[in-house]
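If you want the building blocks of each chain, they are given just below.
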2 protein chains.
Amino acid sequence: MATIRDVAKKAGVAISTVSLAMNGTGPVSAETLKRVLEASEAVGYKPNVLAQSLKRGHSKLIGLVLGDIGNPFFSRLLRVVDSILSDTDHMVIVVETASHAERERATLDQLRRHRVGGILMAPMTNDPNFAAFLRKLDMPVVLIDQNVDGANLDFVSSDNALATTMLTEYLIRMGHRRIAFIGGDPRQWTAALRRQGFRDAMAASSLPVEPAMEIVADFSGEKAYDQVVRLLSLPQRPTALVTASNLMALGALQAINDLGFSCPQEISLTGVDDVPWSNVLKPRLTIAAQPVEELARVAANFLIERMTHRGGVSLPPRTHIAIPKLVIGTSCAPPNT
Amino acid sequence: MATIRDVAKKAGVAISTVSLAMNGTGPVSAETLKRVLEASEAVGYKPNVLAQSLKRGHSKLIGLVLGDIGNPFFSRLLRVVDSILSDTDHMVIVVETASHAERERATLDQLRRHRVGGILMAPMTNDPNFAAFLRKLDMPVVLIDQNVDGANLDFVSSDNALATTMLTEYLIRMGHRRIAFIGGDPRQWTAALRRQGFRDAMAASSLPVEPAMEIVADFSGEKAYDQVVRLLSLPQRPTALVTASNLMALGALQAINDLGFSCPQEISLTGVDDVPWSNVLKPRLTIAAQPVEELARVAANFLIERMTHRGGVSLPPRTHIAIPKLVIGTSCAPPNT
DNA sequence: TTGATTGATCGAACCGTTTCGACTACGAAT
DNA sequence: ATTCGTAGTCGAAACGGTTCGATCAATCAA
């Protein structure tokens, strides 16, 4: 691999001059510039990013820490982030923490050792210890989707409470009264808010929320499937379901199908977050879609600002909350009583 | 950020001794080891990976170059690769080339500047120039899914011809004779093989393949949708469809639905490659599933071997072809004539 | 007693850049 | 004529590690 020394020797100038010439920093005569460029071309010089980064103090890599890459929400996020950051010559290191809390800290430590320029993270844990850990990290970090109380970092998300409120109100307007909610672990930021949004909507219409109708699963599909099977076997089963994620909605739909119920005739189903190719699903799900592109864009830009502005780490944290969009499908119908 | 110097000073030993102690390379007395470890802990020392990599000549990062992160095939691949490589302390840089041929070269160049330890790639292009480019790269590279003729690199894929042959034979056994094939650009390795597998199966049963029944789209869903709409509007429309990818199958299904046909009663549908949550799709697709986990695992291990063995770059290239699995769904039925 | 071996430690060179301060020439200002 | 500013170039010092060879004391064989 040709180094800057080879170029310097070939061009008959000092190493520093090559650096000045190639980066356009510092004055270089047209003559030397030409010679350097030719020499560089001749020896096939490619700057060693490692050396550049070492000198600079940090690399032009950014870490993207996600819980579940299989979730289309996150893979779409990755795509947009990757595309935006490539414009500023950054590359993205992706790590899946598989919802393991301890892996999150280890991952962040590892990224720090790598001296990444910044971190984009959808945290899974939300406890004070982790918040302290994040604060001590002392590098540009932007949180997406899930916040960490007390971390005091940039945060980008959609209005999670509004999402379930929209769905619940939609079902109520349609005539449903026995509505069940299948949510995630309420210790998670978004899970708690989505449950709250459901409760608020029910309360606003003076509808009771029986404990049996408010179920804790996780954002994956499997657990939701089991819970919905249980739910639909109750003597007093709900007429409509609000699920807290896309994968849960799919799990619920499968449970409905497998038990021989029909959706939407017997059970109405709604969910948060888009499902790819939802249009080939039958029925098409009625969902509160998060504007993933917007979230990714804003988050990436927050991060870029923090990385480029000197002292950007200590800028006051900003928050961006996007508004979800109700997408009406064919998975809801008035209750048939 | 504490450096090795800080540790050395705190422990009262030489820099080199700290290095020896921390890495377990070279003999260190129990006494010094203890002092170094304590000092390291006290100052909060985290080795600078950039410096280590610079010295070593390459980083412990590997590049994963994919055409389309949104495709579940690739996101599953990413997940497995990420998990396997993290065991050897590697991290993964993900780049989406969005099927842009020129972006592939640029991306590879960029990864080379970053001195990544190796590259895992699902190439989109397959031409002699690109093969030459890959050969000149002179670093550990493993190709997944799509091969590049003449590149002479490790290659991991499933038997693409067998996949469509299985599907076509299945349809033929069911009684279908007018079977259409919707494939990708045959300049792509897998697309060509999948078409070949279809042709072979048809020929083996002495069934004719009319040009109108063999359609070129791309692996995305949109184009397949358009083409299927056209196909089903023909006076002599096919009774069964073999699509060459998961996204295409979904696009085809949507087209069938939108035109008011019923699947499988009027049109049978099959596809290559799994669709996540295919079990909630109605009908459930009959597909030839690629063993993604196996592909990812083998590819990652090929790469690890090449990276760890010294001179691994010049090892003779290996090939691993996995066998796809026919997964029967409810999207096929005998033709109703 | 001497020479060889070994364990523990150290200093210095090196990886490939960037960048700071110094130096030279040369035209402009005084 | 002398000073000043500046364009152009250079050498050397970083950045933060690893590693090679040297040093030195202690152990051991002859």
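Residues numbered from 1 in each chain as written. Chains lettered and ligands numbered in written order. Predicted model: local features only at pLDDT ≥ 70, side-chain atom pairs only at ≥ 80, totals over all residues. Heavy atoms only, no water.

(A) Looking closely at the overall build of chain A. Each helix and strand in chain A was counted, giving twelve helices and twelve strands. Over its C-alpha trace chain A gives a radius of gyration of 26 Å, far above what one expects of a compact globule, namely 20 Å for 337 residues. Once the C-alpha set of chain A is aligned to its principal axes, its extents read approximately 90 × 40 × 30 Å. Across the 337 residues of chain A, 54% fall into the buried class. The long-range fraction of contacts in chain A, counting pairs at least 24 apart against all pairs at least 6 apart in sequence, stands at 69%. Carbon and sulfur atoms make up 52% of the accessible area of chain A, which amounts to about 14000 Å² in all. Taking the average location of the 35 positive side-chain charges in chain A and that of its 33 negative ones, the two points are 5 Å from each other. (Helix = DSSP H or I, 4+ residues; strand = E, 2+ residues; numbered from the N terminus. Rg over C-alpha atoms; globule rule 2.2 N^0.38 Å. Buried < 20%, exposed > 50% of the residue type's maximum accessible area, 1.4 Å probe, protein only. Contact = heavy atoms within 4.5 Å. Areas by Shrake-Rupley, 256 points an atom, 1.4 Å probe, with all protein chains shown as cover. Lys, Arg positive; Asp, Glu negative; His and termini not counted. Charge placed at Lys NZ, Arg CZ, Asp CG, Glu CD.)

(B) Molecular detail of the packing of aromatic side chains. Under the definition given, this model contains eight aromatic pairs over all chains. Ring centres of A:Phe155 and A:Trp189 lie 5.6 Å apart, and the angle between their planes is 80°; on these two criteria the pair is classed as edge-to-face. Taken as a pair, A:Phe155 in strand E5 (residues 154–158) and A:Trp189 in helix H9 (residues 189–204) lie far apart in primary sequence, 34 residues in all. The class of A:Phe155 is buried, set by a relative accessible area of 2%. The exposure class of A:Trp189 is partly exposed, given its relative accessible area of 23%. On the numbers, 5.2 Å between centres and 70° between planes, the contact of B:Phe73 with B:Phe74 is edge-to-face. The same class applies to B:Phe73 and to B:Phe74, which are both buried. The residue whose ring lies beneath B:Arg318 is B:Phe302, and the NZ or CZ to ring-centre distance is 4.2 Å. (Phe/Tyr/Trp six-rings, centres within 6.5 Å; stacked < 30°, edge-to-face > 60°. Lys NZ or Arg CZ within 6 Å of the ring centre and 35° of its normal.)

(C) Representation of the environment of A:Ala151. Residues and elements named next belong to chain A. Secondary-structure assignment places alanine 151 in the loop between strand E4 (141–144) and E5. According to the relative accessible area criterion, alanine 151 is buried, its value standing at 1%. Considered as a pair, alanine 151 and phenylalanine 133 are 18 residues apart in the sequence and their alpha carbons are 8.3 Å apart. Not counting chain neighbours up to four residues away, the residues in contact with alanine 151 comprise Ala131, Leu134 and Arg135.

(D) Representation of the pairing of strand E3 (residues 118–121) of chain A in the model. Residues and elements named next belong to chain A. The side-chain alternation of E3 yields two buried faces, one formed by Gly118 and Leu120 and the other by Ile119 and Met121. Of the strand pairs in this sheet, E3 and E4 are connected by three bridges, and their pairing is parallel. Of the residues in E4, the one forming a bridge with leucine 120 is valine 142. Remark: the E3/helix H7 (residues 128–137)/E4 crossover connection has right-handed handedness. (Pairing = 2+ DSSP bridges. Right-handed = clockwise from strand over helix to strand, strands pointing away.)

(E) Layout of the UniProt feature "domain: HTH lacI-type" (unreviewed entry) in chain A. This chain's UniProt record puts "domain: HTH lacI-type" (unreviewed entry) on residues 2–56 of chain A. As annotated, residues 2–56 of chain A comprises 71% helix and 0% strand, and the C-alpha atoms at either end are separated by 21 Å. (UniProt positions renumbered as here; feature names shortened; annotations may be inferred.)

(F) Quick look at unusual backbone geometry. All names here are of chain A. A cis geometry characterises the amide bond from cysteine 263 onward to proline 264, with omega recorded as 10°. Among the structural elements, proline 264 can be located in the loop between helix H11 (246–258) and strand E9 (268–272). Of note, serine 206 is a non-glycine position whose phi angle comes to about 55°, a positive value. Given a relative accessible area of 62%, serine 206 falls into the exposed group.

(G) The relation of the copies chain A and chain B, seen in detail. Of the two same-sequence chains, chain A is brought onto chain B (RMSD 0.1 Å, axial shift 0.0 Å) by a rotation of 180°. Viewed as a symmetry operation, the transformation between the two copies matches a two-fold axis. Nearest to the rotation axis, the C-alpha of A:Ile93 is located 2.1 Å from it, this being the minimum over chain A. When the interface residues of chain A are mapped onto chain B, 100% of them are again interface residues, pointing to one common binding face. (Least-squares fit on C-alpha atoms with pLDDT ≥ 70 in both.)

(H) Geometry of the protein's contact with DNA strand D. Close to DNA strand D lie 25 residues, the nearest being A:Thr17, A:Thr32, B:Ile4, B:Ser19 and B:Lys55. If you look at DNA strand D and keep only atoms within 4 Å of the protein, 60% of those are sugar or phosphate atoms. A distance of 2.7 Å is found between a phosphate oxygen of DNA strand D and a side-chain nitrogen or oxygen belonging to B:Ser19. If you list the elements that add at least two residues to the surface near DNA strand D, you get helix H2 (15–23) and helix H4 (49–56) of chain A together with helix H1 (4–11), helix H2 (15–23) and helix H4 (49–56) of chain B. It is H2(B) that provides the largest number of residues to the surface near DNA strand D, a total of five residues. (Near = heavy atom within 4 Å. Polar contact = N/O pair within 3.5 Å; in protein donor to acceptor, adjacent residues only side chain to side chain.)

(I) The protein's contact with DNA strand C, seen in detail. Within the structure, DNA strand C sits among 26 residues, and A:Ile4, A:Arg5, A:Ser19, B:Thr17 and B:Thr32 are positioned closest to it. Interatomic distance of 2.7 Å between a backbone N/O atom of A:Ile4 and a phosphate oxygen of DNA strand C. Of all the secondary structure elements, the ones that give two or more residues to the surface near DNA strand C are helix H1 (4–11), H2 and H4 of chain A together with H2 and H4 of chain B. Looking at the surface near DNA strand C element by element, the count peaks at five residues for H2(A). Residue classes in the surface near DNA strand C are distributed as eleven nonpolar, eleven polar and four charged. (Nonpolar A, V, L, I, M, F, W, Y, C, P; charged D, E, K, R; others polar.)

(J) Quick peek at the pattern of salt bridges. The tally for this structure, following the rule as stated, stands at 24 salt bridges over all chains. One salt bridge in this structure joins A:Arg76 and A:Glu293, with 3.1 Å as the shortest N-O distance. Taken together, the positions of A:Arg76 in helix H5 (residues 72–86) and A:Glu293 in helix H12 (residues 292–308) put the pair 217 residues apart, joining distant regions of the chain. Taking the relative accessible area as the measure of exposure, A:Arg76 reaches 27% and is therefore partly exposed. Residue class for A:Glu293 comes out partly exposed when judged on its relative accessible area of 36%. A salt bridge links B:Asp154 to B:Arg318; the shortest N-O distance between them is 3.3 Å. Separated by 164 residues along the polypeptide, B:Asp154 in strand E5 (residues 154–158) and B:Arg318 in the loop between helix H12 (292–308) and strand E11 (319–322) bring together distant segments of the chain. On the accessibility criterion, B:Asp154 (0% relative accessible area) is buried. Through salt bridges with shared partners, one network takes in A:Asp154, A:Glu305, A:Arg306 and A:Arg318. (Salt bridge = Lys/Arg side-chain N within 4 Å of Asp/Glu carboxyl O.)

(K) Quick look at the interface of chain A and chain B. Facing 47 residues of chain A, the contacting portion of chain B comprises 47 residues. Interface area, chain A with chain B, both sides summed: about 4800 Å², of which 63% is carbon and sulfur. For the chain A face of the interface with chain B, the top three residues by lost area are A:Leu50, A:Met91 and A:Trp277, together amounting to 16%. For the pair chain A and chain B, the interface holds six salt bridges. A salt bridge links B:Arg79 to A:Asp68, with the shortest nitrogen-to-oxygen separation between them at 2.7 Å. The interface formed by chain A and chain B holds twelve residue pairs in polar contact (both at pLDDT 80 or more) in total. Among the secondary structure elements, those contributing two or more residues to the side of chain A that touches chain B are H4, H5, strand E2 (91–96), helix H6 (101–113) and H11 of chain A. (Buried area = accessible area lost by both parts, 1.4 Å probe.)

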